[in-house]
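Breakdown of the fold
Here is what each chain is made of, one letter per residue.
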Amino acid sequence: MSSNWSAKTGSEGLTRPDWDAIRLEFPALHQSVNGCPLAYFDHAATSQKPRRVINAMTHYYQSDNANVHRGVHNLSQRATTVYEAARTKTARFLGAADSSEIIFTSGTTASINLVAQSWGNAHLKPGDEVLVTGLEHHANLVPWQMACTRTGARLKIVPVNERGEVSTEAVSEMLTSGTRMFAFCWISNALGTINPAQEWVEMARKRGITTLIDAAQVVAHKPINLQEIGCDFLCFSAHKMMGPTGTGVLYGIKSVLETLDPVFGGGDMIDEVSYERSTWADLPYRLEAGTPNISGVIGLSAAIDFLESIGWASILERESELLSYALEKLRNIPRIRFIGEPKLRSGVISFIADGVHPYDLGTLLDEQGIALRTGHHCAQPLMRHFGISGTCRVSLALYNNHEEIDRLDLAIRSALRLITNVDK
Amino acid sequence: MSSNWSAKTGSEGLTRPDWDAIRLEFPALHQSVNGCPLAYFDHAATSQKPRRVINAMTHYYQSDNANVHRGVHNLSQRATTVYEAARTKTARFLGAADSSEIIFTSGTTASINLVAQSWGNAHLKPGDEVLVTGLEHHANLVPWQMACTRTGARLKIVPVNERGEVSTEAVSEMLTSGTRMFAFCWISNALGTINPAQEWVEMARKRGITTLIDAAQVVAHKPINLQEIGCDFLCFSAHKMMGPTGTGVLYGIKSVLETLDPVFGGGDMIDEVSYERSTWADLPYRLEAGTPNISGVIGLSAAIDFLESIGWASILERESELLSYALEKLRNIPRIRFIGEPKLRSGVISFIADGVHPYDLGTLLDEQGIALRTGHHCAQPLMRHFGISGTCRVSLALYNNHEEIDRLDLAIRSALRLITNVDK
Amino acid sequence: MWINDDSNASTGLNMMNIPASIPDIQDQLAADFEFLDDWEERYAYLMDLGKDVRGLSQEEKTLDNLIKGCQSRVWLTTRLENNRLWMYADSDTFIARGIIALLIRVFNGQTPADILSEPFDLPERIGLTAHLSPGRANGLAGMLARIRYDAAVALGDRKN
Amino acid sequence: MWINDDSNASTGLNMMNIPASIPDIQDQLAADFEFLDDWEERYAYLMDLGKDVRGLSQEEKTLDNLIKGCQSRVWLTTRLENNRLWMYADSDTFIARGIIALLIRVFNGQTPADILSEPFDLPERIGLTAHLSPGRANGLAGMLARIRYDAAVALGDRKN
Ligand SMILES: Cc1ncc(COP(=O)(O)O)c(C=O)c1O
Ligand SMILES: Cc1ncc(COP(=O)(O)O)c(C=O)c1O
């Protein structure tokens, strides 16, 4: 997809997107917080939204708004068209074989729970094992705990090493003949670790094990080609990829999705309903009960357009440049210790300052207009593994820039100075 | 809540809202469809959205967007404040005793399914009965069928009479000592029938039976006072009350909600998570796993403001006036037969024209810019009760006007003329 | 047979039951529609065409013959005779019958090869797609897909 | 006791351990903060105040004493002596300790009746609420609510 951003010529003679122009597309980035310009480093919690996404939803509400699928009138047909076009676009974006493999949900959490319940109830029995890694977000841990409690299966955790990585050897060892499901995050939201998803899926598939990828942290950062990855399920949220809240995707291989009973019943997901029993509609509708988040799906579709208008090659280059720059800056701040030093890292840096509570540091950064996340990042067991209760987490996106990182560096230094004075 | 709409003085000396000005607030209403001005009579499927709602969401994305609940930084705190303020406002809007009784979901369907699963699994056992009425939308039927299949309970249906009403005597007879749950719609989306919710709840409560009200069709049309109604659960969707898609509410009495195990696991709903087990957070968070639909909840909050800025007395008066006018017009069209003639009717008129498929009529109305719904309205068993496969359904809201109803009348007449000519 | 016998001329069937070419029939129909300039006349004509669709027996209205993507129900089945495909259809609504009638006019009695290769642009030409909202267009697409699928099967080309 | 003995003067405790009035202490603190005009000085001062908070033993850090609504953890407990309420607190962060310190300065050794009736407007006066984002304000509200709740209980007025 070629870029439609006015391009600059790089030193090597390559054309580069105009990142300043792209950054201008995000209205929320251009404000001051506590008297300072905002520097938003909390992308991993939720991304900021480009005008294009906001406008797409506004346009929908101002001109096409209607309920989908059941209407004969023009508005309803238009709404259905844009809603279903978003499904087709998402399928293409991910390289799915068929658009009926795309189920729209309310977010990653809903997607994973749907699988853990529906697939879990159908396929898990006492003695079976579900494998996750020690890096998981609660969203990919708690649903499996619940599924195991329900079915009598056992949950096993592939341990994390001191660098915050999960070794492929450990995965291989723990994918046993009893394993039915291997569910793992492609990228860790807490540490930024990138797991070798394709390799792991291949290993699991060879042993007949079903795989689910939590791709919540992948979608804004890396292209996904499902035909290469080969996983059975993949889940993500629109709000972490420049799209709106309340919208997510569950991808499943059609033949696998077809084995799933609906978790929710209601409108749109049925074929015939009588008082006695109901029969289910075809995929994908069977798994989408009730009025969907139509505007959310339209926003997701616009977010895909936005990402593709920049192009993956540019995004990858930009983010890796920003990441290296930030790593170098932060590494040189005395008292700062990185939590997790993965060899392959996406745009997330978790750190603590010795003897400083992340909350204090986060608060003093906020006073300087710097937004980052402090706490356990919904990964309490992982924090416990590192013997801490939380970290400060800087997370980057294509809209960040070097100046912000410079300000981050200085702001951390001021904050630490202040705390050190108190601490004496 | 006093009106802030420039008011007209009515003939009785009362001030009335300026309905034309209010109508101008809805951008989607002012367009042409197939060369004619749009007349939107599909409110019961989804409402149109006032500027105020659209702007609230745009504003959120342009200035406050961040993930809620876990952030120390300013944006996240602001997002949390507006999100939680929406909860407080919703609680007040409904007359709930406490804002922790308001659970935000993705819609009515999700709300009812949450109860059917969580409450159902905890309280239903073989031999128990769940009672619903013959008027239910699939969203309040299929989840109970699924719950009964899971638990061995029996689903019973209070029959509908020829006028499309459910008699209180029949309800009373069927609320037996075996009944555990009585789940019913306050207003039927297919026929407009208004059920005596308060009376039914009182009857059920006296017999120790838990009650759930599907209020999807109530929220834009009637004020709700939970302290008067006294139900255990009440469910609705924002998108049917001038709010956005992907957002709903589950209200539950606190002591009852407290008995519910979460259906979905993930972020925000936990207290402590270890690899072995997790403990749940307090209400309402326990039942809100994952990043919520923040912008949707903000839109809902703006929708409440909008409705209250007009005031219930005005809305009730306006809608009953429009309804009477439409009923009279439609009743006088030859070949038209109303499906359902309830004594208490909300702004819904279902009808068929003898020998005419609703789809043909709906299509020919669409050609004239008239949007109404045709089909089974997600109430197949009810349609079967009337021996038909579907109806044409006109549904009204405060933004409709007399001129549109006049056009509807003429358009139906033209369409029927056309069909009659073919039919000869 | 689905067509009233006296309507052969107007439907492009000649004495040998060999129809005119697919493009020619479309030209003819487009010309017919050109005289109609408001939606009422167009729909009246379309529904009138639908009267020619003879319908199917209850037994023929199988799930297999039901076209997905229609809001009204449309059943369609075909039979191959002398390398020509013949269509039989029914619907519960006048408008869907009209749309089927158009398709049948164009494709009935054509060879599978022609059905698969000739473009079908009649809907755009008669302004139907502009008026045809996506749901209805979907139904039309479903019917067309079914006819072409059957043509492909007839050609022995089972690469569906 | 939660206050270092040598800090009595600055905290408003006189020889009899009877503090100045709640409004007076707030006036004094507001005046102290008036000299600080950038966020760094303000926070430095706040965290410095926090050093006075002596902390609780592990056994006293019960779930019961944990204040809800704080992102950092704050424990607070009170004791009634001669109709005056004394506060003991701890936190795992400097900033929360500073905020507790403010509250304790104002309320320590006051009568339950005064604690319940006197307004607490110090945060607005020192510009803390403008700077205090909702989460932190929440924590503050939680601490204040806890102190007033304990005062109400002390008054024998259990209408919580
Ligand atoms: C009475 C009733 N209940 C439930 C629903 C389902 O609402 P939603 O599709 O927003 O979940 C509807 C709307 O279609 C309804 O009218
Ligand atoms: C890796 C990972 N998985 C799952 C989630 C949950 O996503 P959501 O809260 O959008 O459901 C998140 C986001 O917090 C995440 O980072």
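This one's a predicted model, so the numbers in the text were calculated from it and none came from an experiment. (Residues numbered from 1 in each chain as written. Chains lettered and ligands numbered in written order. Predicted model: local features only at pLDDT ≥ 70, side-chain atom pairs only at ≥ 80, totals over all residues. Heavy atoms only, no water.)

1. Concerning the overall build of chain C
Within chain C, the secondary structure is distributed over 8 helices and 2 strands. When the helices and strands of chain C are read in sequence order from the N terminus, they spell out α-α-α-β-β-α-α-α-α-α. Counting every position in chain C, which comprises 160 residues, the buried fraction comes to 49%. In the form shown here, chain C has an accessible surface area of approximately 7700 Å², with 50% of it arising from carbon and sulfur atoms. (Helix = DSSP H or I, 4+ residues; strand = E, 2+ residues; numbered from the N terminus. Buried < 20%, exposed > 50% of the residue type's maximum accessible area, 1.4 Å probe, protein only. Areas by Shrake-Rupley, 256 points an atom, 1.4 Å probe, with all protein chains shown as cover.)

2. Considering the domain arrangement of chain A
All names here are of chain A. As far as domains go, chain A holds domain 1 (3–49 + 311–423) and domain 2 (54–308). Put simply, the middle of domain 1 and the middle of domain 2, counted by C-alpha atoms, are 28 Å apart. Counting residues at the interface gives 42 residues for domain 1, matched by 35 residues for domain 2. For the pair domain 1 and domain 2, the summed buried surface comes to about 3100 Å²; carbon and sulfur atoms form 60% of the total. Interface area lost by domain 1 to domain 2 is led by Lys49, Trp312 and Leu382, which between them contribute 21%. (Domains from an automatic or database assignment. Contact = heavy atoms within 4.5 Å. Buried area = accessible area lost by both parts, 1.4 Å probe.)

3. Remarks on the site of ligand 2
In the vicinity of ligand 2 there are 13 residues, among which Thr109, Asp214, Ser237 and Lys240 of chain A together with Thr291 of chain B approach most closely. The local environment of ligand 2 is shared, drawing residues from chains A and B. A distance of 3.5 Å is found between an oxygen atom of ligand 2 and a backbone nitrogen or oxygen belonging to Thr108 of chain A. Interatomic distance of 2.5 Å between a side-chain N/O atom of Thr109 of chain A and an oxygen atom of ligand 2. Within the complex, the protein chains bury 97% of what would otherwise be the 390 Å² of accessible surface of ligand 2. Split into classes, the residues belonging to the shell around ligand 2 amount to 2 nonpolar, 9 polar and 2 charged. (Near = heavy atom within 4 Å. Polar contact = N/O pair within 3.5 Å; in protein donor to acceptor, adjacent residues only side chain to side chain. Nonpolar A, V, L, I, M, F, W, Y, C, P; charged D, E, K, R; others polar.)

4. Remarks on the interface of chain A and chain B
Taken together, the contact between chain A and chain B spans 91 residues of the former and 91 residues of the latter. For the pair chain A and chain B, the two sides together bury roughly 6800 Å², of which 57% comes from carbon and sulfur. For chain A, the biggest contributors to the area lost against chain B are Tyr61, Val72 and Tyr275 of chain A; these three give 12% of the whole. The interface formed by chain A and chain B holds 2 salt bridges in total. A salt bridge links Glu272 of chain B to Arg384 of chain A, with the shortest nitrogen-to-oxygen separation between them at 3.5 Å. By residue number, the principal contributor to the side of chain A that touches chain B is helix 2 (residues 51–64) of chain A, which donates 6 residues. (Salt bridge = Lys/Arg side-chain N within 4 Å of Asp/Glu carboxyl O.)

5. Re the packing of helix 2 of chain A against helix 2 (residues 51–64) of chain B
Running from amino to carboxyl end, helix 2 of chain A crosses helix 2 of chain B at an angle of 180°, the nearest separation of the two axes being 10 Å. Compared by their axis directions, helix 2 of chain A and helix 2 of chain B come out roughly antiparallel. Two secondary-structure elements touch here, helix 2 of chain A through Ile54, Met57, Thr58, Tyr61 and Gln62 of chain A and helix 2 of chain B through Ile54, Met57, Thr58, Tyr61 and Gln62 of chain B. Tallied by class, residues from the contact of helix 2 of chain A with helix 2 of chain B come to 6 nonpolar, 4 polar and no charged. (Axes fitted to C-alpha atoms, helices over the stretch in contact; angles between N-to-C directions. Parallel < 35°, antiparallel > 145°, perpendicular 65-115°, else oblique.)

6. Some remarks on the interface of chain D and chain A
For an interface, size is often stated in terms of accessible area lost upon the parts coming together. Counting from both sides, the interface comprises 16 residues of chain D and, opposite them, 15 residues of chain A. Overall, the association of chain D and chain A removes approximately 1600 Å² of surface from exposure, summing both partners, and the carbon and sulfur fraction of that is 64%. The tally of links from chain D across to chain A stands at 0 salt bridges. On inspection of chain D and its partner chain A, the count reaches 5 residue pairs in polar contact (both at pLDDT 80 or more). At the level of elements, helix 3 (39–50) and helix 4 (94–107) of chain D are the ones that each hand at least two residues to the side of chain D that touches chain A. At 6 residues, helix 3 of chain D tops the list of elements feeding residues into the side of chain D that touches chain A.

7. So, the pairing of strand 13 (residues 270–273) of chain A
All names here are of chain A. Strand direction decides the pairing type here: strand 13 and strand 14 (residues 278–280), joined by 3 bridges, are antiparallel. Along strand 14, the bridge assignment pairs Glu272 with Thr279. Hairpin geometry of strand 13 and strand 14 is characterised by an intervening segment of 4 residues between the two adjacent antiparallel strands. (Pairing = 2+ DSSP bridges.)

8. What to know about the relation of the copies chain A and chain B
Superposition record for chain A on chain B: RMSD 0.0 Å, screw rotation 180°, translation along axis 0.0 Å. Interpreted geometrically, this transformation is the action of a two-fold axis. Most of the interface of chain A is mirrored in chain B, where 100% of its interface residues again form contacts. (Least-squares fit on C-alpha atoms with pLDDT ≥ 70 in both.)

9. Some points on the site of ligand 1
Residues in close proximity to ligand 1 total 13 residues, the closest being Thr291 of chain A together with Thr109, Asp214, Ser237 and Lys240 of chain B. Site remark: ligand 1 is flanked by residues from chains A and B. Between an oxygen atom of ligand 1 and a side-chain N or O atom of Ser237 of chain B, the distance comes to 2.6 Å. Relative to its unbound accessible area of 390 Å², ligand 1 is 97% covered by the protein chains. Across the shell around ligand 1, the residue classes break down as 2 nonpolar, 9 polar and 2 charged.

10. Some remarks on the sheet that holds strand 9 (residues 179–185) of chain B
All names here are of chain B. With mixed pairing, the 7 strands of this open sheet are ordered in space as 6-12-11-10-9-7-8. Taken across any chain shown, the strands that pair with only one partner, and hence form the sheet edges, are strand 6 (102–105) and strand 8 (154–158). For this sheet, the mean angle separating the axes of adjacent strands, direction not counted, is 20°. Note that strand 6 and strand 12 (residues 248–252) share 4 bridges and pair antiparallel. For Ile103, the partnering residue across the bridge sits in strand 12 and is Leu250. In the packing of helix 4 (residues 108–123) onto the sheet, contacts are made with strand 6, strand 9, strand 10 (210–214), strand 11 (233–237) and strand 12, and the angle to strand 11 comes to roughly 155°.

11. Details of the pattern of salt bridges
On inspection of all chains with the given rule, the structure shows 65 salt bridges over all chains. Among the salt bridges present, the one from Arg78 of chain B reaches Asp64 of chain B, with a minimum N-O distance of 2.7 Å. Of this pair, Arg78 of chain B sits in helix 3 (residues 74–94) while Asp64 of chain B sits in helix 2, placing them 14 residues apart in sequence. The class for Arg78 of chain B is partly exposed, based on a relative accessible area of 23%. We classify Asp64 of chain B as buried; its relative accessible area is 10%. Among the ionic pairs, Asp27 of chain D bridges to Arg125 of chain D, the shortest N-O distance being 2.6 Å. Residue Asp27 of chain D is located in helix 2 (residues 22–34), and its partner Arg125 of chain D is located in helix 6 (residues 122–125); the two are separated by 98 residues in the primary sequence. For Asp27 of chain D, a relative accessible area of 39% gives the class partly exposed. A relative accessible area of 41% means that Arg125 of chain D is categorised as partly exposed.

12. Considering helix 7 (residues 197–206) of chain A
Residues and elements named next belong to chain A. Burial in helix 7 covers these residues: Ala197, Trp200, Val201, Met203 and Ala204. Viewed along the axis of helix 7, the buried residues span an arc of 160°, placing them on a single side of the element. In this structure, the buried residues of helix 7 make contact with strand 7 (129–133), helix 6 (168–174), strand 9 (179–185), strand 10 (210–214) and helix 8 (226–229). Just past helix 7, the residue Gly208 takes up positive phi, approximately 75°. (Arc of directions from axis to C-beta.)

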